[in-house]
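Architecture at a glance
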Amino acid sequence: MSNSYLDPVDETSRVASARSPVTDDSVRAVRVLIDAYRLSAESRDKRRVDSELLVARQVMEELVPSTIPTLEGLDIGGVIEASLEVGGDYFE
């Protein structure tokens, strides 16, 4: 009767030695493609967010009065500086 026991260390060595350089090159190529896809998706998401922030900024600029009202006996002033990100609500 023969022993059908497989030594995991020997089996791993056999599989590792059977790998070809083509396989390694293919794995590297797939990794490069995956990284490129991720960067592309991140870039696309950033462009979308930047576009939405620009629209939000334009809306806020339209909501804010362009002139300061004059009221006798009061000095009124104000400064509005847009942030890099938009958050919260506009209150009158």
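Please refer to the structure placed before this passage.
A short tour of the structure in this document, coming up. None of these values were measured; they are calculated from a predicted model.

**Focus: the overall build of the chain**
Each helix and strand in the chain was counted, giving two helices and zero strands. Relative to its full complement of 92 residues, the chain shows a buried share of 1%.

**Here we look at a nonpolar patch on the surface**
The grouping of Val 55, Val 59, Met 60 and Leu 63 at the surface amounts to a nonpolar patch, some 310 Å² of accessible area in total. Topologically, Val 55 is positioned in helix α2 (residues 21-63). Relative accessible area serves as the criterion here: at 46%, Val 55 is assigned to the partly exposed category.

**Description of the pattern of salt bridges**
Applying the stated criterion to the full structure yields four salt bridges. Put simply, Asp 25 and Arg 28 hold a salt bridge, and the shortest N to O gap is 2.7 Å. A residue pair is termed a helical-turn pair when its members lie 3 or 4 positions apart in one helix, as Asp 25 and Arg 28 do in helix α2 at three residues. You can call Arg 28 partly exposed: its relative accessible area is 48%. Here Asp 50 ties to Lys 46 by a salt bridge, and the two come within 2.8 Å at their closest N and O atoms. A residue pair is termed a helical-turn pair when its members lie 3 or 4 positions apart in one helix, as Asp 50 and Lys 46 do in helix α2 at four residues. Residue Asp 50 is classed as partly exposed on the basis of its relative accessible area, which comes to 37%.

Conventions adopted
- Residues numbered from 1 in each chain as written.
- Predicted model: local features only at pLDDT ≥ 70, side-chain atom pairs only at ≥ 80, totals over all residues.
- Heavy atoms only, no water.
- Helix = DSSP H or I, 4+ residues; strand = E, 2+ residues; numbered from the N terminus.
- Buried < 20%, exposed > 50% of the residue type's maximum accessible area, 1.4 Å probe, protein only.
- Patch = residues over 30% accessible without salt bridge, like charges linked within 9 Å, V, L, I, M, F, W, Y side chains within 5 Å.
- Areas by Shrake-Rupley, 256 points an atom, 1.4 Å probe, with all protein chains shown as cover.
- Salt bridge = Lys/Arg side-chain N within 4 Å of Asp/Glu carboxyl O.

Coordinates in, geometry out; function isn't part of it.
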